[in-house]
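Results of the structural survey
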Amino acid sequence: MKRSLDESLSRLGLDSLPLYQLHDPYGLTVAEAMGPGGAVPALIDLRDQGVIGAIGIASGTLAQVREYVDTGAFDVVLSHNRYTLATRTAGPLFEAAHALGMTVLNAAPFGGGTLANGDGSFGYRPMPADFAAHVERVRGLADLHGVDLAAAALHFSLRSPLVDATVVGITSTARLDALGPLIDADVPDAFFDAVESLGTPPPGVED
Ligand SMILES: NC(=O)c1ccc[n+]([C@@H]2O[C@H](COP(=O)([O-])OP(=O)(O)OC[C@H]3O[C@@H](n4cnc5c(N)ncnc54)[C@H](OP(=O)(O)O)[C@@H]3O)[C@@H](O)[C@H]2O)c1
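Within an unreviewed UniProt entry, the label attached to the protein chain reads NADP-dependent oxidoreductase domain-containing protein, and the organism entered is Microbacterium oleivorans.

Listed below in structure tokens is the structure:
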């Protein structure tokens, strides 16, 4: 962790960072990360020294992230693709994080692109048929209500009391320029009510 932080600080030309996150820790168990000499004690040490302002857990499987959150050691949680207009599986995780006073970052509000650019995958993988049908029903409701699906997907996250900040992927300056109008778009409550009336989304592709 310390070597990684040194590399980040040197590339950025900074002495400290406001937030540093344990990112995709798939290769180690939560017990290993939390134990003596593990990644999390190293992060806590760096936070105590003031080199890092806050520490975050930035994904892994949903079950792993929940375990990390429940340790109470982190200030921030980031989850991606699991709390969108078409998915809700991170809802309980975000509730638990807020109950602990953590900041919630909701990444990939477009499911990696699908809800904005019509890409056929969701969360970087092909969609199961029942989930794809659900996405089409959501798309149909957007058409019915005259709502731009990308704006609706963004506003789903922006308006959620469970989300403190939304992390959108930007591939070009044109995409960045398009973000302002999406934020300014008016997405009526009636549309979100109609989406809720579809019921719990079928499992997507997220783990
Ligand atoms: N483990 C982790 O910590 C983790 C994992 C995943 C993501 N993240 C974070 O979450 C961020 C977002 O993830 P993401 O980029 O995969 O997903 P996303 O925000 O759901 O989707 C971004 C994609 O949507 C498309 N898009 C954006 N604005 C658009 C617009 N106005 N109109 C049409 N299409 C638009 C772009 O695709 P095109 O421009 O290619 O069409 C863009 O690549 C990442 O940058 C990263 O910071 C973190």
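Now that the structure has been shown, the text picks up again.
Here the focus is the site of the ligand. Around the ligand sit 23 residues, and of these Asp24, Phe110, Tyr124, Thr171 and Arg175 come closest. The separation between an oxygen atom of the ligand and a polar main-chain atom of Gly169 is 2.8 Å. Measuring from an oxygen atom of the ligand, one finds a side-chain N or O atom of Thr171 at 2.4 Å. Elements with a minimum of two residues in the shell around the ligand: strand 3 (76-80), helix 6 (114-117) and helix 9 (173-184). Per-element tally for the shell around the ligand: the top contributor is helix 9, with 3 residues. Within the shell around the ligand, the residues separate by chemical class into 12 nonpolar, 9 polar and 2 charged.

Right, let's get into the nonpolar core. In terms of nonpolar packing, the biggest core is built from 58 residues, with Phe74, Val77, Leu85 and Phe191 touching the most fellow members. Of all the elements, helix 8 (residues 149-158) adds the most residues to this core, at 7 residues. Among the domains, domain 1 (1-74) and domain 2 (79-201) are the pair contributing at least three residues each to this core. Dropping the residues within four chain positions of it, Leu85 is found in contact with Leu115, Val138, Leu149, Ala152, Ala153, Phe156, Phe191, Phe192 and Val195.

This brings us to the packing of aromatic side chains. By the definition in use, this model includes 5 aromatic pairs. Taking the centre distance of 5.8 Å and the plane angle of 90° together, the rings of Tyr68 and Phe74 count as edge-to-face. Summarising the burial analysis for this pair, Tyr68 and Phe74 share the class buried.

Segmenting the protein chain into domains produces domain 1 (1-74) and domain 2 (79-201). Across the interface of domain 1 and domain 2, roughly 890 Å² is buried in total on both sides, 68% from carbon and sulfur atoms. When the area that domain 1 buries against domain 2 is broken down by residue, the three leading residues are Leu62, Arg66 and Val69, summing to 54%. The interface formed by domain 1 and domain 2 contains 0 salt bridges. The tally of links from domain 1 across to domain 2 stands at 3 residue pairs in polar contact (both at pLDDT 80 or more). The biggest single contributor to the side of domain 1 that touches domain 2 is helix 4 (residues 62-70), with 5 residues. Looking at the side of domain 1 that touches domain 2 residue by residue, the class counts come to 5 nonpolar, 4 polar and 2 charged.

Rules used in this analysis
Residues numbered from 1 in each chain as written. Predicted model: local features only at pLDDT ≥ 70, side-chain atom pairs only at ≥ 80, totals over all residues. Heavy atoms only, no water. Near = heavy atom within 4 Å. Polar contact = N/O pair within 3.5 Å; in protein donor to acceptor, adjacent residues only side chain to side chain. Helix = DSSP H or I, 4+ residues; strand = E, 2+ residues; numbered from the N terminus. Nonpolar A, V, L, I, M, F, W, Y, C, P; charged D, E, K, R; others polar. Core = buried A, V, L, I, M, F, W, Y, C linked by side-chain atoms within 4.5 Å. Buried < 20%, exposed > 50% of the residue type's maximum accessible area, 1.4 Å probe, protein only. Domains from an automatic or database assignment. Contact = heavy atoms within 4.5 Å. Phe/Tyr/Trp six-rings, centres within 6.5 Å; stacked < 30°, edge-to-face > 60°. Buried area = accessible area lost by both parts, 1.4 Å probe. Salt bridge = Lys/Arg side-chain N within 4 Å of Asp/Glu carboxyl O.

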